[in-house]
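# Residue-level structure breakdown
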Amino acid sequence: MTRIVRRMIGHGAVVMLFALAAGFGLAMSLVGGFEVLPGNILEFELPGDSRAWARTHVGGLLNGLLVMIGALVIQALHVPERSGRHLAWMLVGTGYANTIFYWGGLLSANRALTFGDNRHGEGDLMSVIGLLPALVFAFVSMIAMVIIARHAFSGDTADGSS
């Protein structure tokens with residue numbers, strides 16, 4: 001089980017790296033460029049607005065934490081190996097799917113909330129790329145939470161303690 005936990009923490013860190021990169025995008029979006037030297041800004045425009053960059057930054061950090069904390073929960077609950085493997089791919093997949101969703105929403109006119117047009121804008125390829133994995137893993141992550149809740153409330157552990 002230790003290998004699963006370590007790998008999940010590693011994947012959570014990768015998800016958080018994407019979120020931290022979005023933090024730079026947020027800063028540049030707010031400033032309108034990159035400050036090369038104090039007071040000297042190389043001006044340019046990034047795709048997406050500052051709110052989208054903020055969602056991508058904060059949402060990604062939370063998804064990285066979801067994966068890392070999920071790993072620790074699996075370990076703390078002494079989840080059996082088979083269930084632990086299932087939960088690992090479910091939570092890691094959720095972290096990456098949501099990362100793709102946030103970046104897709106950042107680059108899509110309709111925030112990747114629908115496959116077609118919505119009140120935010122027209123559907124495009126980034127809408128599909130952003131929404132499809134997030135939609136699938138929205139259901140997968142709910143199932144993962146049911147499995148975790150079941151293990152938490154059962155009192156049964158793989159090592160025989162309660």
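Conventions we followed
- Residues numbered from 1 in each chain as written.
- Predicted model: local features only at pLDDT ≥ 70, side-chain atom pairs only at ≥ 80, totals over all residues.
- Heavy atoms only, no water.
- Helix = DSSP H or I, 4+ residues; strand = E, 2+ residues; numbered from the N terminus.
- Buried < 20%, exposed > 50% of the residue type's maximum accessible area, 1.4 Å probe, protein only.
- Patch = residues over 30% accessible without salt bridge, like charges linked within 9 Å, V, L, I, M, F, W, Y side chains within 5 Å.
- Areas by Shrake-Rupley, 256 points an atom, 1.4 Å probe, with all protein chains shown as cover.
- Salt bridge = Lys/Arg side-chain N within 4 Å of Asp/Glu carboxyl O.
- Pairing = 2+ DSSP bridges.
- Phe/Tyr/Trp six-rings, centres within 6.5 Å; stacked < 30°, edge-to-face > 60°.
- Expected span 1.5 Å × (residues − 1).
- Contact = heavy atoms within 4.5 Å.
- Polar contact = N/O pair within 3.5 Å; in protein donor to acceptor, adjacent residues only side chain to side chain.
- pLDDT = per-residue confidence, 0-100.

## Brief notes about unusual backbone geometry
Even without a glycine there, the phi angle at H78 is positive, about 50 degrees. Take H78: it is sitting in the loop between helix 2 (50-76) and helix 3 (81-107). Note on H78: relative accessible area 35%, which makes it partly exposed. Here the phi dihedral of R111 falls at roughly 65 degrees; this positive angle occurs in a residue that is not glycine.

## Section: the environment of I129
Tracing the sequence through the fold places I129 in helix 4 (residues 125-154). When the C-alpha atoms of I129 and A144 are compared, they prove to be 23 Å apart, with 15 residues separating the residues in sequence.

## With respect to a nonpolar patch on the surface
A contiguous nonpolar patch, built from F115, V128, L132, L135, V136, F139 and M142 and spanning about 650 Å² of accessible area, is present on the exposed surface. On the basis of relative accessibility, which here comes to 54%, the residue M142 falls in the exposed class.

## As for the pairing of strand 2 (residues 40-43)
Both faces of the sheet carry side chains from a regular strand, because those side chains alternate between them. As paired elements, strand 1 (residues 33-37) and strand 2 share four bridges and run antiparallel to each other. In the sheet register, F34 faces strand 2, and the bridge partner there is L42.

## Details of the packing of aromatic side chains
Scanning the model with the defined rule gives three aromatic pairs in all. For the ring pair W53 and W103, a centre distance of 5.6 Å and an interplane angle of 90 degrees mean the geometry is edge-to-face. Here W103 lies in helix 3 and W53 lies in helix 2, a separation of 50 residues in the sequence. With relative accessibility at 6%, the residue W53 sits in the buried group.

## Digging into helix 4
Here helix 4 contains 30 residues, and its C-alpha end-to-end distance of 44 Å stays within 8% of the 44 Å for a straight helix at 1.5 Å per residue. Along helix 4, the positions that sit buried rather than exposed are S127, G130, L131, A134, F137, V140, S141, A144, I147, I148 and H151. Buried residues along helix 4 sit against helix 2 and helix 3. Regarding helix 4, its N-cap is D124, as a side-chain oxygen of that residue lies 3.2 Å from the backbone nitrogen of M126 further along. Just past helix 4, the residue G155 takes up positive phi, approximately 80 degrees.

## Observations concerning the confidence of the model for the protein
A residue-level look at the protein finds 96% of positions with pLDDT of 70 or above and a mean pLDDT of 95. Taking the mean pLDDT of every element in the protein, the minimum, 95, falls on strand 1 and the maximum, 98, on helix 2.

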